[in-house]
Amino acid sequence: MCSLEKRGNLFILILTGQNGEHRLNPNLFSSIISALLRTKAESTSGSALVTVSHSKFFCNGFDLDWVKAAGSDEETQQCFNLLLDYLKQLVLAFISLPMPTIAAVNGHAAAGGVVLALCHDYVLMRRYRSVLYMIDFDLGIKIPEPFMALFRAKISGSARRDLLLSGLKIKGEEALKMGIVEAVYDGEEEVTNAVIKIADDLAKRNWHGEVYAEIRKGLYSELCDILGIASIPIATPKL
Amino acid sequence: MCTLEKRGNLFILTFTGEDQHRFNPNVIGSLLSLLSQVKAEATRGSALITQAQGKFFSNGFDLDWAQAAGSEQGAAERLRQMVDLFKPVIAALLSLPMPTVAAITGHAAAGGFVLALSHDYLIMRKDRGVLYMSEVDIALTIPDYFNALFREKIGDASVRRDFLLRGLKMKGDEAEKRGVVEAAYGGEAEVRQASVRLAENLGRRKWHGEVYAEIRKGLYPQLSAILGLTHKAY
């Protein structure tokens, strides 16, 4: 599932679970969303969140075994739709989090796992042993809104086409060149250390969390329109 | 404050003095009136250069004036007022019937950066001055038309995020590399010369000003809509 640690100003969300794939099912979704709610409740100026996993996978997407176990075509579809709803809740929770967020993509991320990574303000990745893979295309699954809006918001130019339409497994170096990730590192420990360092640097800016979240929503206004949330102006400046 | 001079086909708008060239209602009114004058005197071959003296291009809205309101509520109200008053300035630049160049020889922050970004071309100094959206650092949210401007003028999502969410202070060489400005030069004189050269080259094309403005509005449809500018497609 996931666990939440506090280290000074940093909230550390760790994807755990015996099956290192961290596949997204109702349990993991609820676990993450509830951790985010706790983070929000305990946030102060100068907080930051990092998301890490310590296995071969960052997140391998939806738990399709769980979906298929439903049985009939209709029930399978319903279960899949439920996971889509949960993923939407997840995007919403991240977009409204009142602090900077950084993802340490230490292992592979596929489909919903890529969405999870991109929910963060900054993504750092491992150079090797880590790919971003929008497997949806190869599985014959369409990508609905609001997730398309998330891709449009976060990735520019031909990189977006290459991520979504090429069916490629994008390694760290490539992801860096495509502007999808901030930086890449060689080992798991380096990624984690780098993520903590960036989080510390951002936390030291001591941003007003609520304002930060509203600025983020304004930055991703198309996504917010599709999610049905509005950004509110706040004008009580620190002068 | 700000002055307007005509040099051949070039209109040159200058923020004079060594201060931060902050925008308060007076300065904004002045800017608006000068831009109206530019529009009225425009001919084929016209071009505008906006520049500033001193260490700053502009450091944005006059927060001292806002604070002078005396209360937190009063300050917020004055800020809102400036945001509203500034919108027509950006609208005027977006609909100006001639190419526009911002010659950035000093810091351009918040509203100052927005003013610069509202020009067709940005030329900057490599060695001095930064582009900076200070809002996140002073706990102010970004007005809708600022967001639209960034969305439509800056194609790179990471750059937009770095400016608005990270409060990055971007120097000229990085701005040139990341496509935020056209070019960055090694000193104040070089920037001014390059801006004049660019403006003159653009002016020599003798573009039909009204058509130029319509094409520009079509390039930035969301921003134009938020600014209340209608767009005529021939």
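From a predicted model like this one, the values you see are computed outputs, not experimental measurements.

## Here we look at the sheet that holds strand E4 (residues 56-58) of chain B
Residue and element names in this part refer to chain B. Read from one edge to the other, the open sheet built from four strands follows the order E4-E6-E8-E9, with strand pairing classed as mixed. Of all strands in the sheet, those with a lone pairing partner are E4 and strand E9 (169-171), marking the two edges. On average, adjacent strands in this sheet sit at an angle of 20 degrees to one another, irrespective of strand direction. In terms of strand pairing, strand E8 (residues 130-132) meets E9 through three bridges, oriented antiparallel. Bridge pairing in E9 links valine 130 to lysine 171.

## Things to note about the pairing of strand E5 (residues 101-105) of chain A
Strand residues, when the strand is regular, have side chains that alternate between the two faces of the sheet. All names here are of chain A. Extensive coverage of E5 is indicated by the burial of five of its five residues. Burial of the side chains of E5 extends over both faces: Thr101, Ala103 and Val105 are buried on one face and Ile102 and Ala104 on the other. Relative to E5, strand E3 (residues 48-53) is paired through three bridges, and the arrangement is parallel. Bridge pairing links threonine 51 to alanine 103 in E5. Bridge count for E5 against strand E7 (residues 122-126) is four bridges, and the pairing is parallel. Across the sheet, isoleucine 102 pairs through a bridge with tyrosine 122, a residue of E7.

## As for the sheet that holds strand E4 (residues 57-59) of chain A
Residues and elements named next belong to chain A. With mixed pairing, four strands are arranged side by side in an open sheet as E4-E6-E8-E9. Of all the strands in the sheet, the pair left with one neighbour each is E4 and strand E9 (169-171). Ignoring which end each strand starts from, the neighbouring axes of this sheet average 20 degrees apart. Bridge count between strand E6 (residues 108-110) and strand E8 (residues 131-133): two bridges; the pairing is parallel. Pairing of alanine 109 across the sheet is with leucine 132, part of E8.

## Regarding the environment of alanine 66 of chain B
Relative to the helices and strands, alanine 66 of chain B is located in helix H2 (residues 63-67). Considering only alpha carbons, one finds alanine 66 of chain B and glutamate 5 of chain B, 61 residues apart in sequence, at a separation of 31 Å.

## A closer look at the confidence of the model for chain B
Mean pLDDT over chain B stands at 96; residues scoring 70 or higher make up 99%. On the interface metric, ipTM, the complex scores 0.93, and its pTM is 0.95.

## Focus on empty space enclosed by the protein
By the definition in use, this model includes three cavities of 30 Å³ or more. The computed volume of the largest cavity comes to approximately 140 Å³. Asp121, Lys154 and Ile180 of chain A together with Ser158 and Arg161 of chain B are, among the 16 residues lining the largest cavity, the residues nearest its centre. For the lining of the largest cavity, the secondary-structure elements that each account for two or more residues are helix H4 (112-118), E7 and helix H6 (147-154) of chain A together with helix H6 (157-164) of chain B. In terms of residue count, H6 of chain B provides more of the lining of the largest cavity than any other element does, three residues in total. Residues of the lining of the largest cavity, tallied by class, amount to nine nonpolar, three polar and four charged. Considering only enclosed or pocket space, the second largest cavity measures out at about 60 Å³ in volume. Looking at the lining of the second largest cavity, the elements that each hand over two or more residues are helix H8 (188-203) and helix H9 (209-219) of chain B. Of the residues assigned to the lining of the second largest cavity, the class counts are six nonpolar, five polar and two charged.

## Structural notes on the packing of aromatic side chains
All names here are of chain B. Enumeration according to the criterion identifies 14 aromatic pairs over all chains in this entry. With centroids separated by 5.3 Å and ring planes inclined at 85 degrees, the aromatic side chains of phenylalanine 61 and phenylalanine 86 adopt a geometry described as edge-to-face. With phenylalanine 61 in the loop between E4 and H2 and phenylalanine 86 in helix H3 (residues 72-94), this residue pair connects regions lying 25 residues apart in the sequence. No difference in accessibility class separates phenylalanine 61 from phenylalanine 86, as the two residues are buried. Here the aromatic rings of phenylalanine 113 and phenylalanine 163 are separated by 4.8 Å at their centres, their planes lie at 70 degrees, and the arrangement is edge-to-face. One end of the pair, phenylalanine 113, is in helix H4 (residues 111-117); the other, phenylalanine 163, is in helix H6, and 50 residues separate them in sequence. As far as the burial class goes, phenylalanine 113 and phenylalanine 163 line up, both buried. Counting every residue linked through ring pairs, the aromatic cluster contains Phe15, Phe23, Phe57, Phe61, Phe86, Tyr145 and Phe146. The cationic tip of arginine 78 hangs over the ring face of tryptophan 65; the distance from NZ or CZ to the ring centre is 4.4 Å. We note lysine 169 situated over the ring of tyrosine 132; from NZ or CZ to the ring centre the distance is 4.8 Å.

## Regarding the nonpolar core
Residue and element names in this part refer to chain B. With 150 residues, the main nonpolar core has Phe86, Leu131, Phe163 and Val180 as its most contacted residues. Of all the elements, H3 adds the most residues to this core, at 11 residues. Judged by nonpolar contacts, the second largest core, of 12 residues, contains Leu10, Val101, Ala103 and Leu198.

## What about the environment of tryptophan 207 of chain A?
Of note, tryptophan 207 of chain A is situated in the loop between helix H9 (188-204) and helix H10 (209-219). Put simply, tryptophan 207 of chain A and methionine 99 of chain A are 108 residues apart on the chain and 7.7 Å apart in space, counted from C-alpha to C-alpha. Beyond its immediate stretch of four places on either side in the chain, tryptophan 207 of chain A contacts Ser45, Gly46, Pro100, Leu202 and Tyr212 of chain A together with Val136, Asp137, Leu165 and Arg166 of chain B.

## Brief notes about unusual backbone geometry
The omega angle of the peptide bond from glutamate 145 of chain A to proline 146 of chain A is 0 degrees, so this bond is cis rather than trans. Examined against the element boundaries, proline 146 of chain A turns out to sit in the loop between helix H5 (136-139) and H6. Backbone geometry places alanine 139 of chain B, a non-glycine residue, at a positive phi of 55 degrees. Relative to the helices and strands, alanine 139 of chain B is located in the loop between E8 and helix H5 (144-153). Alanine 139 of chain B gets classed as buried once you look at its relative accessible area, which sits at 1%. Residues other than glycine seldom take positive phi values, yet lysine 206 of chain B does so here, at roughly 50 degrees.

What counts as what
Residues numbered from 1 in each chain as written. Chains lettered and ligands numbered in written order. Predicted model: local features only at pLDDT ≥ 70, side-chain atom pairs only at ≥ 80, totals over all residues. Heavy atoms only, no water. Pairing = 2+ DSSP bridges. Helix = DSSP H or I, 4+ residues; strand = E, 2+ residues; numbered from the N terminus. Axes fitted to C-alpha atoms, helices over the stretch in contact; angles between N-to-C directions. Buried < 20%, exposed > 50% of the residue type's maximum accessible area, 1.4 Å probe, protein only. pLDDT = per-residue confidence, 0-100. 1 Å grid on protein atoms, 1.4 Å probe; cavity = no way out; pocket = protein on both sides within 12 Å on 5 of 7 lines; lining within 4 Å. Points joined across faces, edges and corners; volume = space filled by probe spheres on them. Nonpolar A, V, L, I, M, F, W, Y, C, P; charged D, E, K, R; others polar. Phe/Tyr/Trp six-rings, centres within 6.5 Å; stacked < 30°, edge-to-face > 60°. Lys NZ or Arg CZ within 6 Å of the ring centre and 35° of its normal. Core = buried A, V, L, I, M, F, W, Y, C linked by side-chain atoms within 4.5 Å. Contact = heavy atoms within 4.5 Å.

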